[in-house]
Each structure stands twice: as structure tokens, then as C-alpha cells.
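So the chains spell out like this:
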Amino acid sequence: MSARFCGAGGHLLSDRSWLYRLASCFDRPTANSLDSVSDRDFALEYLSALSLLGMHLSRLSEELVLWCSAPFSFVRLSDGFTTGSSIMPQKKNPDAAELVRAKVGRITGDFMGLLMVMKGLPLAYAKDTQEDKEPVFDATEAATLSLAAMDGMIRDMTANTDKMRALAGAGFATATDLADWLVRVPRLPFRTAHHVTGRLVGMAEAKNCDLADLTLEEMQSVEPQIDASIFDVLTVESSLASRTSEGGTAPENVSRAAQAWLTRLEENAA
């Protein structure tokens, strides 16, 4: 028996041949013979990892469900990953995302089921441990299907960038950038900058316009030190580009992070 569960090379297979691949991963005998026959930590750790995977897939699925809904319409999925409504002919339901979202309940249930089997056993073999097979098989198959469905949806979806761009600036999203500019350029205390920004937001609300649509004269009526360079920070694009610190939203940061993960995944899959 192995003293360490080494996984299946990072791949989940639709059949059960992965079990035979695992057998080739045993690196040494276990030091304790009772541990050889009674321990199921390797299966529990595996199911725990699948539960975490399922949780993250579920969260991404929830994003897709929201993004596909009419109030957002950020992305569109083809008929291959959606179904029509039984009563509304114009509606497309993101069924694949909803089903992936549901799979985490099944996977986590398998994890908790085996955990409950093991929690009351003495420190030796008991017939109860034969119940380790079904949850491992079931969770593996659910996770495999979920990964395949998510991969397909990500490749299939079409982004509505115009809608995203329009809503990205809604709700005076660049107000923080305005406050930052007031601290950085005329060097106002942040408390004062926060107050000035609040008044300018109120002015824009009263006029039913964005901050960038206020005139320089209107802004200077609230804070005389504001100059024309303020308009350089009031667009969504400039706001994103200004966040250049580690983990920031600047496009080059996002591209670099995405490439780093793609490289890592390709290396692990090799």
C-alpha cells in the first residue's frame, strides 16, 4: 500500500481506468499495517479536492447564469448549452451552467458521506470501508462532466462587450478615481476629497448625467483647485489602466496573469 495518494496525473477520465493509473503511483509500503487496511484519508482528500473544484465551478456557473439573464446580457450561449422555455418561446435557459452549479451538492455529498462512514470506525479494518468506492466513482464522474461542460461553455460563449462597457461606468463607478485625483494633484486631505466627490456626484445625479459630463466650471464651483486634467481619470478605461499594482485591473496586468495561468496549466497537462 502507498503512504501517499499521488493523484491521477491531473486528469479526470470519463471511465474508471484512472484507478489503474493510481495503482502505479504507489511509492512505498505503509509503515503501519493497520493503516494499510483501515485508512481512507487518500479518498477523503481526493473528495475534498473535488468538492473545492465543484464549489469554484458552481460559482463560475452562477456568474454565467446571471450574465446570460436579460437584466445583464453580458454573454450569449449557443443552443448547444441552452434549452428553450416550456412556455416562453423567446427565452433561452442556460441549463448547462445550472446543472454544473448543482453538481457541487452531489460531489460534496459524496465527500461528507464517506467522512460520516469513517468517523465512527475503530482503528482497524471494518466492512464499512467498502462504502468508499461508490462516492469516489460518483464524485469523479460528476466532476468530469462538470469540467467538460464548463470547458464547452467558456469556448462557446460570445461576450457582449458593448453592454459590459456601458454598465461598467454606471453608478458613478469612477468616483473613487475622482477622489484619488483630488488627493494626488491638488493634494487635498482624503476626508476633504471624499466630501468634494460626494457633492459632485450629487450634482451629476441632479443633472441626470455622468461625472465626466459635468463642465469644468461646475466642478470648480465645488472645488476651485480642479483643472481640466480631471477629465483624464473619469473614464472606465482610464480607471482600469491606472490600477497597475500587483493584482490590479490594468489590461497588461490581466493579460500577464492570464498567460501565467495558461502556461502553468499547459505544463501540468504535459
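The structure we're discussing is the one just above.
All values reported here derive from a predicted model rather than from experimental measurement.

**Structural notes on the overall build of the chain**
Along the chain, the regular secondary structure elements total 11 helices and four strands. Dimensions of the chain along its principal axes, counting C-alpha atoms only, are 80 × 50 × 40 Å. Looking at the chain residue by residue over its 270 residues, the buried ones come to 32%. Restricting to contacts in the chain with at least 6 residues of sequence separation, those with at least 24 account for 62%. Carbon and sulfur atoms provide 58% of the accessible area of the chain, an area that totals close to 16600 Å². One finds the centroid of the 26 positive side-chain charges in the chain at a distance of 3 Å from the centroid of its 36 negative side-chain charges.

**Points about the pattern of salt bridges**
Counted under the stated rule, the structure contains 11 salt bridges. The partner of D151 in a salt bridge is R155, and the shortest N-O contact between them spans 3.0 Å. One end of the pair is D151 and the other is R155, both in helix α5 (residues 133–156) and four residues apart, which spans about a single turn. Given a relative accessible area of 68%, R155 falls into the exposed group. Here K207 ties to E218 by a salt bridge, and the two come within 2.8 Å at their closest N and O atoms. With K207 in helix α8 (residues 190–207) and E218 in helix α9 (residues 216–222), the pair connects residues that are 11 residues apart, well separated along the chain. Residue K207 is classed as partly exposed on the basis of its relative accessible area, which comes to 41%. Counted as one network, the salt bridges with shared partners bring together R40, D132 and K133.

**As for a nonpolar patch on the surface**
Taken together, the side chains of L34, V37 and Y125 make up a nonpolar region of the molecular surface, amounting to roughly 270 Å² of accessible area. For L34, the position within the fold is in helix α2 (residues 33–38).

**Quick word on the packing of helix α3 (residues 41–68) against helix α4 (residues 95–118)**
It is at 8 Å that the axes of α3 and α4 come closest, and there the two elements cross at 160°. When the interaxial angle is binned, α3 and α4 end up roughly antiparallel. With respect to the hand of their crossing, α3 and α4 are arranged in left-handed fashion. A breakdown of the residues in the contact of α3 with α4 according to their chemical character gives 16 nonpolar, six polar and four charged.

**With respect to the nonpolar core**
Note on soluble globular proteins: their nonpolar side chains tend to be buried together. Counting residues in hydrophobic clusters, the biggest one holds 20 residues, and the most contacted among them are L182, L200, L211 and I230. Elements represented by at least two residues in this core include exactly α7 (175–184), α8 and α9. Residues L50, F111, A139 and A143 belong to the second largest nonpolar core, which totals 15 residues.

**Regarding the packing of α3 against α5**
Where α3 meets α5, the axes come as close as 10 Å, and the angle between the chain directions of the two elements is 30°. Taken together, α3 and α5 sit at an angle that is classed as roughly parallel. Between α3 and α5 lies a crossing whose hand is left-handed. Contacts between α3 and α5 involve A43, Y46, L47, L50, L53, L57, L60, S61 and L64 from the former and P135, V136, A139, T140, A143, S146, L147, M150, M153 and I154 from the latter. Of the residues assigned to the contact of α3 with α5, the class counts are 16 nonpolar, three polar and no charged.

**Structural notes on the environment of L214**
Here L214 shows up in the loop between α8 and α9. Given a relative accessible area of 2%, L214 falls into the buried group. Between the C-alpha atom of L214 and that of L53, which follows or precedes it by 161 residues, the distance is 47 Å. Excluding anything up to four places from it in sequence, L214 contacts L200, M203, A204, K207, C209, M219 and F231.

**Points about the environment of N160**
With respect to the helices and strands, the residue N160 is situated in the loop between β4 (158–159) and α6 (161–168). With a relative accessible area of 32%, N160 lands in the partly exposed category. Sequence separation between N160 and F72 is 88 residues, and the spatial gap between their C-alpha atoms is 9.6 Å. Once residues within four sequence positions are removed from consideration, N160 is found in contact with S73, F74 and V75.

The rules we used
Each chain carries its own residue numbering, running from 1 in the direction its sequence is written. Local features in a predicted model are, by the rule used here, given only for residues with pLDDT of at least 70; side-chain atom pairs are given and counted only at 80 or more, and totals for whole chains, interfaces and linings are based on all residues. As a rule here, side-chain values come from all non-hydrogen atoms in the structure, and water together with hydrogens is ignored. Numbering of helices and strands runs from the N terminus, with a helix taken as a DSSP run of H or I at least four residues long and a strand as a DSSP run of E at least two residues long. Each residue gets one of three labels from its accessible area relative to the maximum for its type: buried under 20%, exposed over 50%, partly exposed in between, using a 1.4 Å probe on protein chains only. Residue contacts are defined here by distance: any two heavy atoms, one from each residue, within 4.5 Å place the two residues in contact. Surface accessibility in these figures is a Shrake-Rupley result with a 1.4 Å probe; residues are shielded only by whichever protein chains are displayed. Working convention for charge: Lys and Arg count positive, Asp and Glu count negative, and His plus the chain ends are omitted. To locate a charge, the coordinates of NZ of Lys, CZ of Arg, CG of Asp or CD of Glu are taken. Salt-bridge detection follows one rule: a side-chain nitrogen of Lys or Arg within 4 Å of a carboxyl oxygen of Asp or Glu. Distance thresholds for patches are 9 Å for like charges and 5 Å for nonpolar side chains (Val, Leu, Ile, Met, Phe, Trp, Tyr), applied to residues having over 30% relative accessible area and no salt bridge. Comment: axis = line fitted to C-alpha atoms, over the contacting stretch for helices; angle = value between 0 and 180 degrees taken between N-to-C directions. The cut-offs work like this: below 35 degrees is roughly parallel, past 145 is roughly antiparallel, 65 to 115 is roughly perpendicular, and the gaps in between are oblique. For a crossing to be left-handed, the near helix must be turned anticlockwise from the far one by less than a right angle; the clockwise case is right-handed. Any residue that is not Ala, Val, Leu, Ile, Met, Phe, Trp, Tyr, Cys, Pro, Asp, Glu, Lys or Arg is counted as polar, Gly included; the first ten are nonpolar and the last four charged. By convention a nonpolar core is built from buried Ala, Val, Leu, Ile, Met, Phe, Trp, Tyr and Cys residues, the set being connected through side-chain atoms within 4.5 Å.

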